[in-house]
Amino acid sequence: MEAIANPLYFFSNLSLNPPSCSNVVRFIDVLEFFFVAHPQSGRKEGEEHRRVMYFHPKGEQFERQTEITGFAEAVVNFTENFLSTCSRREIKLSDNEDGFDFRTVTTQRTEHVYIRTEDDQFILGVSLSKQLSQVSDYPLFQPAIRSILSDAYKMFRMFFGTFSSFIKVVPDDIPKFRERLDFFFSKYIPLLKVHKMPLLDHLGGVEFLRMSGPLYLNVVSLITELREEFPIIEKIMILYQDKLLYYQLSKRDLPSLFRYLTHNLLPTTLAPELEHSGRNTSKGRYLRGPTDLTTDAPLLGDESLSVVHLHSDSEDLEELIGYQMMVYRCLNATVCMFVRNCGGERRDSDASTRSSPPQNGIVSRRLLRNIDQFLETELALVASKIGDEIGDEKFPEATDFHYIYFNPSSLSMTSSLSTSPALSVAASGSASKVLLPPVDVNRLVCDTMSNFVSETEEFGECFVKSSSDWWIVIKKVNSRLLVLILPPSSYTSSLADVQSKTATIVKSHFEAIFFS
Amino acid sequence: MEVEVPGGSEAVGGGGTDTGSESSFKVSQVEIEDVEENLKNAEAIFEHLEQLPFQVFILSEFGKPIFVNNDRNEGEVVSLAALICAFVSRCQSWGDSLMTMTSQDNHIQFLHKSPLIFCVVSKYPEQLDQQLEVLFEQICSILSKSQLENVYKKKGDNYDLRKLLRGTDRLIDSSISSWRASPINLVDSSISAIPMNPSDREFLSSTMASSMGAAKLDGALFGIMIAKRQIAAIVRFKKYVIHPRDLNILINLVSDTTLQTDAQNWVPICLPRFNDTGFFYAYISYPWCNKEQDVPACLVLLSVKRDHFDGLKEVRHQIVTKLENNSKFFTNFSQAVKTPNLYQISQIGSNSESLWSFLYLNHSSRQVCMSASK
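Since we're looking at a predicted model, the values are computed, not measured.

## A few points about the overall build of chain A
The helix and strand tally for chain A stands at 13 helices and 18 strands. Looking at chain A as a whole, 40% of its 516 residues are labelled buried. Pairs at least 24 apart in sequence give 65% of the contacts found in chain A among residues at least 6 apart.

The structure is reproduced here in structure tokens:
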């Protein structure tokens, strides 16, 4: 126990550990350190510590921060020696698909992952403690840690733009960069929860709501009308509870936005809604932004809308554009609208690097008022229809197995093992009456994925039996992935039993989305 | 004297014979083909090096290179070794120890066994830790662990261990290349037995046992017949067991072609799993090598006594004579050793179309057998 870098974590973790039946773990409970480094800033002898832009835990000694970031930089350079030229080219290619160049280091006590971003100028690193992860029943799976790290970066980038935008303009901006990193990550990291089934974090899909054709048409026409009415809205996304209904924005931004909404923004709004549930529930409202729409006062300070940086619609453009985000919620339905930002909050110098054409005005109270008037009736209509349809199948038969389904082309993911905090109770569409799989089964699923299921193959099938008699079935058809986790039972004593059980499950639960 | 009969009792059925088990195992490693022809220029050589399945670095914990199996230039090796050493000691200073690093397509494994540091770079992650352990034991077999530990204390941190290991690079090399040929032996530190008729194996083992027993040499503990990097028979005294890892070191030693003459060799060797501070004396002979028979079998007799050479020479004579006198056995044996049969799928009683290959590991004897693939 004395080997823990910061004993405070260990103690705090003991008292605040989520109950063991939960399927998520607080990231901070397994975290040893997290950093953002800019090696270029620490080139001068004696000033190496300047490369550290952000370091968690904050109380860590300067010397150790420097050591850790220096180690990471050295690992990156050392492993470079063994990269063949052809794989270097591959890395450049995969870079475009948002896969970051990465390194991992395993020591006896920790698991490190480093990623390089923005033309290899920045290194983000994270280290998880093996001991703490054991205490938390969290299996360490490097691809998942990598995804968690990349997601953290993408989330920052979404709110504040690229790292280089801070560095590029004036070197003086470094203190401001540090301040922004601190502002963001000091909140992000403590709130971050990761799945005990790490594969979920690795796949990082979004959950769509399954609905009937006519209903889907209703949603689409609502969005179309809305955009027709308000052409200033460039991108849009609509959710019901914590599930996605429809979106019109780049797929590269979808997971981050979805996660922000379902994990951060929506849960915080749920409590007030429950409080006021007695009166006027069909009244829609904006989350964030101004509360008073009756005046025409400019939106300043607390009332101003958040700005997010999103990719342009053409998939090959890396450029990020600032958008003002309006989030409107009514009867469990949430519409997220994006209007191109010009000036506004980003009057500061770094905004000039992301030039945005000044054709659109920024969001005013008047616009908000108009959209409110439109959505108040239209959205309420659609939302209550959805509510009726969901309500009809309120209690779908509970399954006697666990599953993960992921379609990489739509990013659609459903799983009996995922929950988004707070909303999960309401959205119990995927109940399973089986106990959560034990940690060794979760680990086995990850190991099987990385050792026996090729990422590039579009088809594959794999059956694995754990030593505790759970069965794991992995099917890949047309790149769509289905992972079934079957608890020990007398119906699954042989491989043939499991195969027929799998066939039954696919037929009854996944036929519509998964052709066996 | 106890007789161990490897291979179990299954008889080897007829059917397609295979030329040597190693070549017929399809192993998922990069094959190096037509090396000389393809390498026309320096860049091609560099490219080729990157394709090498294993790049191994052995250095002292003070950063001095001891062994590398690639053709990087001296300067590059020295700086890489310095880095490896720095990584290891940095982690040590954190009260931790470095195990692996990975990048997009490389897996790097580290092993720090004071006073040495081992590092391997590979495209494949499997069993790299075991492979480095094997290398460490390989070095111990030459120097013994206690000698190794004392060397730097006596000669100072900057001592060049290569002076003591002179000429043994090829043993390390062949150990590394055997990973490619029969990784399965490493996987669970197991040994594989060369397929033989059970009755023949019985005769071979009992002949070896009786000859060793009759000689009454106190300290002569093991007798092993090896062919094609596989075991034909082991005899041992009841109290003593030889670990599969140690057997693999012996196998590696006797597979060294410079030993393979009809002369006899008397080689001191440390078997670290048996005792990492002392030495065995191995009487190694290839009784039927370079004669008209050319049977690639090797007889190893191990004793802890330095002066057993003549005694073991006599034992060897006894064994060889007895074996040769049983002409039926000897014909079968030569056949089995020269062109070993691989285990057939049909031998495990299933003719199922979907069964392609099988692998059997006996946990108590650490014996492994693997079928030919369909």
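## Remarks on the confidence of the model for chain B
All names here are of chain B. Considering every residue of chain B, the mean pLDDT works out to 78; 81% of them sit at 70 or more. In this model, residues 5-40 is a region of pLDDT below 50 whose contacts with residues beyond four sequence positions or in other chains number 56 contacts. Here the predicted complex scores 0.80 on pTM and 0.79 on ipTM.

## As for the domain arrangement of chain B
Residues and elements named next belong to chain B. For chain B, the assigned domains are domain 1 (2-25 + 191-338) and domain 2 (50-181). With 16 residues of domain 1 at the contact, the number on the domain 2 side is 14 residues. Sort the elements by how many residues they give to the side of domain 1 that touches domain 2 and helix α10 (residues 244-254) lands first, with four residues. Taken together, the residues of the side of domain 1 that touches domain 2 sort by class into seven nonpolar, four polar and five charged.

## Section: the interface of chain A and chain B
Opposite the 21 residues of chain A that make contact, chain B presents 20 residues. Broken down by secondary-structure element, the contributors of at least two residues to the side of chain A that touches chain B are α2 (62-80), α3 (85-96) and β4 (101-107) of chain A. Among the elements that line the side of chain A that touches chain B, the one with the most residues is β4(A), at six residues. Of the residues that constitute the side of chain A that touches chain B, the class distribution is nine nonpolar, nine polar and three charged. As paired strands, β4(A) and strand β4 (residues 98-103) of chain B are joined by four bridges and run antiparallel to one another. Bridged to A:T106 within β4(B) is B:T100.

## Quick notes on helix α12 (residues 439-452) of chain A
Residue and element names in this part refer to chain A. An ideal rise of 1.5 Å per residue puts 20 Å on 14 residues; α12 measures up with 19 Å between its terminal C-alpha atoms. Buried residues of α12: V441, N442, L444, V445, C446 and M449, and no others. Of the surrounding secondary structure, the elements contacted by the buried residues of α12 are α8 (198-203), β16 (460-465), β17 (471-477) and β18 (480-486).

## Points about the sheet that holds β16(A)
Residue and element names in this part refer to chain A. Here five strands make up an open sheet; going across it, the order is β15-β14-β18-β17-β16 and the pairing antiparallel. Because the sheet does not close on itself, it has two edges, and the strands there are β15 (412-415) and β16. Direction aside, the axes of adjacent strands within the sheet are offset by 5 degrees on average. Bridge count for β17 against β18 is seven bridges, and the pairing is antiparallel. The residue bridging I472 from the neighbouring strand is I485, located in β18. On the sheet, α12 packs against β16, β17 and β18 and is oriented at approximately 35 degrees with respect to β17. Helix α13 (residues 495-509) contacts β16, β17 and β18 of the sheet and is inclined by roughly 125 degrees relative to β18.

## Concerning α13(A)
All names here are of chain A. For α13, spanning 15 residues, the distance from its first C-alpha to its last is 21 Å, which sits close to the expected 21 Å at 1.5 Å a residue. Along α13, the positions that sit buried rather than exposed are V498, T502 and I505. All buried residues of α13 fall inside an arc of 65 degrees around its axis, so they share one side. Projecting away from the buried face of α13 at angles above 90 degrees are the exposed residues A496, A503, T504, K507 and S508. Elements that come into contact with the buried residues of α13 comprise β16, β17 and β18.

## Considering the environment of A:K476
All names here are of chain A. With respect to the helices and strands, the residue K476 is situated in strand β17. K476 sits in the partly exposed class, given 19 other C-beta atoms within 10 Å. Considering only alpha carbons, one finds K476 and E455, 21 residues apart in sequence, at a separation of 9.9 Å. If sequence neighbours within four positions are ignored, K476 has contacts with V453, E457, E458, F459, G460 and L481.

Thresholds applied
Residues numbered from 1 in each chain as written. Chains lettered and ligands numbered in written order. Predicted model: local features only at pLDDT ≥ 70, side-chain atom pairs only at ≥ 80, totals over all residues. Helix = DSSP H or I, 4+ residues; strand = E, 2+ residues; numbered from the N terminus. Buried ≥ 20, exposed ≤ 12 C-beta atoms within 10 Å, placed from the backbone. Contact = placed C-beta atoms within 7 Å. pLDDT = per-residue confidence, 0-100. Domains from an automatic or database assignment. Nonpolar A, V, L, I, M, F, W, Y, C, P; charged D, E, K, R; others polar. Pairing = 2+ DSSP bridges. Expected span 1.5 Å × (residues − 1). Axes fitted to C-alpha atoms, helices over the stretch in contact; angles between N-to-C directions. Arc of directions from axis to C-beta.

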